[in-house]
Amino acid sequence: MTLKAMGKAARDAAYELAVAPTRQKNLALLAMADELEINEQEILAANAEDIAAARAAGLSEAMLDRLLLNPSRLAGMAADVRKVVSLDDPVGSELDSRVLENGLRLSRRRVPIGVIGVIYEARPNVTIDIAALCLKTGNASILRGGRETFHSNMALVKVIQRALAKAGLPAASVQYIERPDRELVSELLRLDEYVDMIIPRGGANLHKLCKEQSTIPVIIGGFGVSHLFVDVSADLRRAVDVIDNAKVQRPSACNALDTLLVHEAIADEFLPALVARMNSRQVALVAEERAFSLLQAAGASELRLAGADDFDTEWLSLTLGVKLVSDVDAALAHLRQHNACHSDAILTNDLANAERFINGAGSAAVYVNASTRFTDGGQFGLGAEVAVSTQKLHARGPMGLEELTSYKWIGQADYLSRS
């Protein structure tokens, strides 16, 4: 099937999904969760093929971790789908309403966006997340995963198609572009006759390609350097635990900590404790000159001076940038200079500094005394996410159900004419 034919089929399916009752959409989602569990061995075998090919191709450990499926992760995927079932269906809900002086009752009602194209890399769980959220919100979707996840995604698409059939929904509700040809991405980006929104999930190069070539609105999601600032008032003992979690709990995630900013007044006391923990976790440190000398004196086992681009790097690995700053304003200046748009945090016991950081950070998610690792649809109670939007549009942070809807104005009256 050509991409244009896929677009037309998706548009036709979107019309059916827009009027599908919540009960029918939930039936498809429950069937999807069941099929993930029933077909566990088939999915894991397909994923093993992808992992073997990725290792042979020399992909990094961070990429391999993103690609990996195991029984625990599959169970989590099924649980996330069932969580989506339990959430309220936003389609048809009213945002607000009022009655004008002439008797016209005006309201805004949530509606599906229509057809959503998602281009993503490495993470096969994204296939299920997108399908689940789009189905719940009555949107058709066209998916294009990376070549490194081909076998995994083919197995997952079979699961989705079985679930759609069980619920009596059109197969074109969720379609997957099987050919990995790069030109098909460019073609999808220009399919504005049928596709209403493009969501790229991947690195900076993919985002740049979509912004430059798409004739369809693009919501950028996923990429961003994450920072954590340790203020002079922070509880230093507890701060180490939060930094450890933000960096080590899953270093390949887009919300993992990339750069640690430390108030210079506490550096002598704090950095030795940081070094002890990072050494035990085999985290490599990349530091500017002032921090470098203190980290070296504290016995950092893997340490180098930061280069020109290091503080603009999303590490996705056990590497952490470290820099000393003079105060919260200097920390915010660093965030502005180095692409802080995703998840950023301050550790402080000073309420004024906390509020200054919240208001000054231009990030989609800002935390006070918490790890950056919470920026996630499941953690936010959204069930799953299509992406983490780093733009300043209607959708910011984890994009759940409401972010996949638009609205229409509804006017109701008693045979009213305009005077």
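Basis of the calculations
Residues numbered from 1 in each chain as written. Predicted model: local features only at pLDDT ≥ 70, side-chain atom pairs only at ≥ 80, totals over all residues. Heavy atoms only, no water. Helix = DSSP H or I, 4+ residues; strand = E, 2+ residues; numbered from the N terminus. Rg over C-alpha atoms; globule rule 2.2 N^0.38 Å. Buried < 20%, exposed > 50% of the residue type's maximum accessible area, 1.4 Å probe, protein only. Contact = heavy atoms within 4.5 Å. Areas by Shrake-Rupley, 256 points an atom, 1.4 Å probe, with all protein chains shown as cover. Lys, Arg positive; Asp, Glu negative; His and termini not counted. Charge placed at Lys NZ, Arg CZ, Asp CG, Glu CD. Pairing = 2+ DSSP bridges. Right-handed = clockwise from strand over helix to strand, strands pointing away. Axes fitted to C-alpha atoms, helices over the stretch in contact; angles between N-to-C directions. Phe/Tyr/Trp six-rings, centres within 6.5 Å; stacked < 30°, edge-to-face > 60°. 1 Å grid on protein atoms, 1.4 Å probe; cavity = no way out; pocket = protein on both sides within 12 Å on 5 of 7 lines; lining within 4 Å. Points joined across faces, edges and corners; volume = space filled by probe spheres on them. Nonpolar A, V, L, I, M, F, W, Y, C, P; charged D, E, K, R; others polar. Salt bridge = Lys/Arg side-chain N within 4 Å of Asp/Glu carboxyl O.

### Comments concerning the overall build of the chain
Regarding its fold elements, the chain presents 14 helices and 16 strands. Against the 2.2 N^0.38 benchmark of 22 Å for 419 residues, the chain shows a C-alpha radius of gyration of 23 Å, consistent with a compact globule. Its C-alpha atoms give the chain principal-axis dimensions of roughly 75 × 65 × 35 Å. A buried classification covers 55% of the 419 residues belonging to the chain. Considering only contacts in the chain between residues 6 or more positions apart, those separated by 24 or more positions represent 73%. Of the roughly 18200 Å² of accessible surface on the chain, 50% is carried by carbon and sulfur atoms. The chain carries 44 positive and 53 negative side-chain charges, and their two centres are separated by 4 Å.

### Considerations on the pairing of strand β3 (residues 115-120)
Side chains on a regular strand alternate between the two faces of the sheet. Here β3 lies mainly inside the structure; six of its six residues are buried. On β3, burial covers both faces: Val115, Gly117 and Ile119 on one face and Ile116, Val118 and Tyr120 on the other are all buried. Here β3 runs beside strand β4 (residues 140-144); their pairing, made up of five bridges, is parallel. Each residue of the ladder has a partner; that of Gly117, found in β4, is Ile142. Read from β3 through helix α6 (residues 125-136) to β4, the crossover connection turns out right-handed.

### Here we look at the sheet that holds strand β2 (residues 105-112)
With antiparallel pairing, the three strands of this open sheet are ordered in space as β1-β2-β16. A strand with exactly one partner marks an edge of an open sheet, and here the two such strands are β1 (94-99) and β16 (405-412). Sheet twist, expressed as the average angle between the axes of neighbouring strands with direction ignored, equals 20°. As paired strands, β1 and β2 are joined by five bridges and run antiparallel to one another. Residue Ser97 lies in a different strand from β2, and its bridge partner there is Ser107.

### Let's talk about the packing of aromatic side chains
We describe a pair of aromatic rings using the distance from one ring centre to the other and the angle between the two ring planes. In this structure the tally under the stated criterion is one aromatic pair. Residues Tyr407 and Trp409 carry aromatic rings whose centres are separated by 6.4 Å and whose planes lie at 80° to one another, so their mutual orientation is edge-to-face. Overall, the relative accessible area of 39% leaves Tyr407 in the partly exposed class. Judged by relative accessible area, which is 47%, Trp409 ranks as partly exposed.

### Observations concerning the layout of surface pockets
Its boundaries defined by the atoms lining it, the largest pocket holds a volume of some 790 Å³. Among the elements of the structure, α5 (71-86) and α6 are those that each provide at least two residues to the lining of the largest pocket. Among the elements that take part in the lining of the largest pocket, α5 stands out by supplying five residues, more than any other. When the residues that make up the lining of the largest pocket are grouped by side-chain class, the tally is nine nonpolar, twelve polar and ten charged.

### Observations concerning the pattern of salt bridges
Close approach of charged atoms allows side chains of opposite charge to pair. The full count for this structure, using the stated rule, is 20 salt bridges. In this structure, the salt-bridge partner of Lys8 is Asp12, at a minimum N-O distance of 3.3 Å. Of the two residues, Lys8 and Asp12 are both situated in helix α1 (residues 3-18); the distance of four residues between them amounts to about one turn of the helix. The class of Lys8 is partly exposed, set by a relative accessible area of 45%.

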